[in-house]
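So the chains spell out like this:
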Amino acid sequence: MRKDRPRRLKVYFDGGCRPNPGPIEVAVVARGVAHFFDDLGIGTNTDAEWLALRMALQVAQSLDAAEFDLIGDSLEVVRQANGASRPGSESAAAHLARYEAAAAHRRPRQVKWTPRGQNLAGIALARRKG
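Heads up: these notes are all about the structure in this document. Note that the structure is a prediction, hence the values are computed from the model and not measured.

Concerning the overall build of the protein
Reasoning step 1: Of the regular secondary structure elements, the protein holds four helices and six strands.
Reasoning step 2: Put simply, the protein runs from its N terminus to its C terminus through helices and strands in the order β-β-β-β-α-β-α-α-β-α.
Reasoning step 3: Each principal axis of the C-alpha atoms in the protein carries an extent, and together these give about 55 × 35 × 25 Å.
Reasoning step 4: For the protein, buried positions account for 43% of its 130 residues.
Reasoning step 5: Expressed as a percentage of contacts within the protein between residues at least 6 apart in sequence, the contacts between residues at least 24 apart total 67%.
Reasoning step 6: Looking at the protein as shown, the accessible area adds up to about 7,600 Å², and 50% of this sits on carbon and sulfur atoms.
Reasoning step 7: Averaging the positions of the 20 positive and the 14 negative side-chain charges in the protein gives two centres separated by 8 Å.

As structure tokens, this is what we get:
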């Protein structure tokens, strides 16, 4: 008899700013609920994506799932968070260090890339802007 394992939690993240650079906003979607974060300072789209990854990690950790994946559409951030590429700037290296420190408490099973059109957080952020 096979025991059913709990489903792995999928947490989608996306960040952006308008104009670029500009005010950063982030969306995280977990368990069908969109979480929005504003007033995150001024930065670039890359800064916004890194903040979105960290906010997704925070949301996932707060939901206390046994396993979780973080899913975003920034290939650059996903590759760097997975160690597949090195940060290209001091700013990216600082973002990666902050992510690694936060993930030390509870690490995702994986950080995955998804196309923009399939990123539930990106869709939620775009709908919010209306």
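Next comes the rest of the account.
Looking at the nonpolar core
Reasoning step 1: Core analysis: the biggest nonpolar cluster contains 30 residues, and Val-11, Val-26, Val-28, Leu-53, Leu-70 and Tyr-99 have the highest contact counts within it.
Reasoning step 2: Elements supplying a minimum of two residues to this core: strand 1 (9–17), strand 2 (22–30), helix 1 (45–63), strand 5 (68–72), helix 2 (75–81) and helix 3 (90–103).
Reasoning step 3: In terms of residue count, helix 1 provides more of this core than any other element does, ten residues in total.
Reasoning step 4: Within the second largest apolar cluster, seven residues are counted, among which are Ala-27, Val-29, Ile-71 and Ala-121.

Quick notes on the pattern of salt bridges
Reasoning step 1: Tallying each qualifying case throughout the model produces eight salt bridges.
Reasoning step 2: Ionic pairing is found between Arg-8 and Glu-67, a salt bridge with its closest N-O pair at 3.8 Å. Separated by 59 residues along the polypeptide, Arg-8 in the segment before strand 1 and Glu-67 in the loop between helix 1 and strand 5 bring together distant segments of the chain.
Reasoning step 3: On the basis of relative accessible area, Glu-67 is assigned to the partly exposed category, the value being 33%.
Reasoning step 4: The partner of Asp-64 in a salt bridge is Arg-106, and the shortest N-O contact between them spans 3.1 Å. Of this pair, Asp-64 sits in the loop between helix 1 and strand 5 while Arg-106 sits in the loop between helix 3 and strand 6 (110–113), placing them 42 residues apart in sequence.
Reasoning step 5: Given a relative accessible area of 21%, Arg-106 falls into the partly exposed group.
Reasoning step 6: Ionic contacts of the salt-bridge type, sharing partners, join the residues Arg-8, Glu-67, Asp-69 and Arg-109 into one network.

With respect to the side chain of Asp-47
Reasoning step 1: Residue placement: Asp-47 occurs in helix 1.
Reasoning step 2: For the buried Asp-47, which has no salt bridge, the nearest side chain bearing the opposite charge is Arg-98, at an N-O separation of 6.5 Å.
Reasoning step 3: Excluding residues within four positions of it along the chain, Asp-47 makes contact with Ile-24, Ser-91 and His-95.

Comments concerning the pairing of strand 5
Reasoning step 1: The element strand 5 is extensively covered by neighbouring structure, given that five of its five residues are classed as buried.
Reasoning step 2: The side-chain alternation of strand 5 yields two buried faces, one formed by Phe-68, Leu-70 and Gly-72 and the other by Asp-69 and Ile-71.
Reasoning step 3: Across four bridges, strand 5 lies against strand 6 in parallel orientation. In the strand pairing of strand 6, Ile-71 is matched with Lys-112.

Some words on the environment of Ala-34
Reasoning step 1: Locating Ala-34 in the fold gives a position in strand 3 (residues 33–37).
Reasoning step 2: Ala-34 gets classed as partly exposed once you look at its relative accessible area, which sits at 34%.
Reasoning step 3: In this structure the C-alpha to C-alpha distance between Ala-34 and Phe-13, which are 21 residues apart in sequence, comes to 9.7 Å.
Reasoning step 4: When near neighbours in sequence (up to four residues on either side) are disregarded, Ala-34 contacts Val-28, Val-29 and Ala-124.

What counts as what
- Residues numbered from 1 in each chain as written.
- Predicted model: local features only at pLDDT ≥ 70, side-chain atom pairs only at ≥ 80, totals over all residues.
- Heavy atoms only, no water.
- Helix = DSSP H or I, 4+ residues; strand = E, 2+ residues; numbered from the N terminus.
- Buried < 20%, exposed > 50% of the residue type's maximum accessible area, 1.4 Å probe, protein only.
- Contact = heavy atoms within 4.5 Å.
- Areas by Shrake-Rupley, 256 points an atom, 1.4 Å probe, with all protein chains shown as cover.
- Lys, Arg positive; Asp, Glu negative; His and termini not counted.
- Charge placed at Lys NZ, Arg CZ, Asp CG, Glu CD.
- Core = buried A, V, L, I, M, F, W, Y, C linked by side-chain atoms within 4.5 Å.
- Salt bridge = Lys/Arg side-chain N within 4 Å of Asp/Glu carboxyl O.
- Pairing = 2+ DSSP bridges.

Remember that the coordinates give geometry; whether it matters functionally is a separate question.
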